[in-house]
Amino acid sequence: MSPPPTAPFTLAPGGPPDVVTAVAGETGYPGIRMTATGDEPVPPLDAYVALPQGKGLEFHAEGGANCLLTVRDAHGKTTAYPGNPSPDGFSLTFQGVDPELSGKGSVSTAWVAVRADGGARPGTTALVFCLGDAVSPSTPVRITDDIPVSAFPGGPPDITLDHDHPVGYPGVRVRADGDGTVSPQDVYVALPRGRRLRFYAESGTNYGLTVQDRHGTQHLFPGHAAADGRALLFPGVDLFLSGKGTESTLWVAVTAEPATTPADSAPPDAPTTPKEPTALTFCVGVHTARSTPVIVDVRTW
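Residues numbered from 1 in each chain as written. Predicted model: local features only at pLDDT ≥ 70, side-chain atom pairs only at ≥ 80, totals over all residues. Heavy atoms only, no water.

1. Focus: the overall build of the chain
Now for step 1: Tallying secondary structure elements over the chain gives 0 helices and 30 strands in all.
Now for step 2: Put simply, of all contacts in the chain between residues at least 6 apart along the chain, 73% involve residues at least 24 apart.
Now for step 3: For the chain, the exposed surface amounts to about 15,100 Å²; the carbon and sulfur share of it is 53%. (Helix = DSSP H or I, 4+ residues; strand = E, 2+ residues; numbered from the N terminus. Contact = heavy atoms within 4.5 Å. Areas by Shrake-Rupley, 256 points an atom, 1.4 Å probe, with all protein chains shown as cover.)

Below, the structure is given as structure tokens:
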């Protein structure tokens, strides 16, 4: 049996909730919980954090080149300490870390940022944290090769394309149906045949897919058009889904093709009812959905 730590505090898994991430998914934050057992404040100490071997986890540098150890005190104040990586990148050391423990019973937490690389092995693992001579595994990290996702019509409102509104934005919503962070997905978008729609490039010749995350921030991903221009492929799209029930919206820009035959143009006495609505097809990984409805109103074109 190992001797008890001599530092006047204990370490235990804790900090942010258990980390669930997909292979090549978003960042997770495994951490520890620190509790003072002595009456005196705990002085600054050196810290060491190591990744498990063979699991495909890697430290992630946020906000610059340094990987950070974040300490949060009992009042929610956070302090970040830059780390020195080992030559193989599997461990970090931090100097002069204040554990923010002011006396007996005080509690703080600490964590680092990690990601599962493209070769990560599914399963549950943990990092090791050492603070002074106290040691503890981190919050569990569960790596999964698939987090279930649903796709369904949504995004911007229903769209009518006419002379005054020549560009529309049909889209879909996607939702994480399991805990964890969804890995990047390929997204394929196809136009309906025979409906006078074409993709619209808003910035030069590049077609874009917009992903709006749950915070309302929009992210643009470039796409590749099929030879006939009727479909677009967007590889490696980050859906910004992290946590069961989180949702994002995706959309592309479309416009109407010019009339090519007299039958495509509406006579002055045409009925006032627009054409039947149509929709694009979105494939998000293996999940498919029809887009927001689109109507091309040829009466005003």
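On we go from here.
2. Some remarks on the sheet that holds strand E25 (residues 231-237)
Now for step 1: Strand order across the open sheet formed by 5 strands is E24-E25-E20-E28-E29, with antiparallel pairing between neighbours. A single partner strand is all that each edge strand has here, and the edge strands are strand E24 (224-225) and strand E29 (287-290). (Pairing = 2+ DSSP bridges.)

3. Here's the deal with the packing of aromatic side chains
Now for step 1: Tallying each qualifying case throughout the model produces 1 aromatic pair.
Now for step 2: With centroids separated by 6.2 Å and ring planes inclined at 65°, the aromatic side chains of phenylalanine 199 and tyrosine 207 adopt a geometry described as edge-to-face.
Now for step 3: A residue is classified by how much of its surface remains accessible, and phenylalanine 199, at 3% relative accessible area, is buried.
Now for step 4: Assessed through its relative accessible area of 25%, tyrosine 207 is described here as partly exposed. (Phe/Tyr/Trp six-rings, centres within 6.5 Å; stacked < 30°, edge-to-face > 60°. Buried < 20%, exposed > 50% of the residue type's maximum accessible area, 1.4 Å probe, protein only.)

4. Regarding the sheet that holds strand E21 (residues 197-199)
Now for step 1: Across the sheet, 3 strands lie side by side as E18-E27-E21; this open sheet has antiparallel pairing. Two strands close off the open sheet at either side, each with one partner strand: strand E18 (167-168) and E21.
Now for step 2: Note: E18 against strand E27 (residues 254-256), 2 bridges, orientation antiparallel. Each residue of the ladder has a partner; that of glycine 168, found in E27, is valine 254.

5. What to know about the pairing of E25
For a regular strand, side-chain orientation follows a simple rule: the groups alternate between the two sheet faces.
Now for step 1: Where strand E20 (residues 185-190) lies against E25, 5 bridges are found, and the strand directions are antiparallel. Its bridge partner being in E25, alanine 190 is matched across the sheet by alanine 231.
Now for step 2: In terms of strand pairing, E24 meets E25 through 2 bridges, oriented antiparallel. Within E25, the position partnered with histidine 224 by the bridge is leucine 233.
Now for step 3: The hairpin formed by E24 and E25 contains 5 residues between the paired strands, and glycine 229 there has a positive phi angle of roughly 75°.

6. Digging into the layout of surface pockets
Now for step 1: In this structure, the largest pocket encloses a volume near 210 Å³.
Now for step 2: Around the largest pocket sit 15 residues that line it, and Pro17, Asp18, Val19, Val20 and Ser242 are the ones nearest its centre.
Now for step 3: Here the residues of the lining of the largest pocket are counted per class, giving 5 nonpolar, 7 polar and 3 charged. (1 Å grid on protein atoms, 1.4 Å probe; cavity = no way out; pocket = protein on both sides within 12 Å on 5 of 7 lines; lining within 4 Å. Points joined across faces, edges and corners; volume = space filled by probe spheres on them. Nonpolar A, V, L, I, M, F, W, Y, C, P; charged D, E, K, R; others polar.)

7. Some details on the pattern of salt bridges
Now for step 1: Counted according to the given criterion, the structure contains 2 salt bridges.
Now for step 2: In this structure, the salt-bridge partner of arginine 173 is glutamate 247, at a minimum N-O distance of 3.3 Å. With arginine 173 in strand E19 (residues 171-176) and glutamate 247 in strand E26 (residues 247-251), this residue pair connects regions lying 74 residues apart in the sequence.
Now for step 3: Across the salt bridge formed by arginine 175 and aspartate 177, the nearest N and O atoms sit 2.9 Å from each other. (Salt bridge = Lys/Arg side-chain N within 4 Å of Asp/Glu carboxyl O.)

8. Points about empty space enclosed by the protein
Now for step 1: Within this structure, the stated rule accounts for 1 cavity of 30 Å³ or more.
Now for step 2: By volume, the largest cavity is sized at about 60 Å³.
Now for step 3: Lining the largest cavity are 13 residues; nearest its centre among them are Ile32, Ala47, Leu69, Ala110 and Leu131.
Now for step 4: Broken down by secondary-structure element, the contributors of at least two residues to the lining of the largest cavity are strand E3 (31-36), strand E4 (45-50), strand E6 (68-72) and strand E13 (128-131).
Now for step 5: Taken together, the residues of the lining of the largest cavity sort by class into 13 nonpolar, no polar and no charged.

9. Things to note about unusual backbone geometry
Now for step 1: Phi is positive for glutamate 100, which is not a glycine, with a value near 60°.
Now for step 2: Within the element layout of this structure, glutamate 100 appears in the loop between strand E9 (91-97) and strand E10 (107-111).
Now for step 3: Accessibility expressed as a relative area gives 26% for glutamate 100, which makes it partly exposed.
Now for step 4: For phenylalanine 240, which is not glycine, the phi dihedral falls at a positive 55°.

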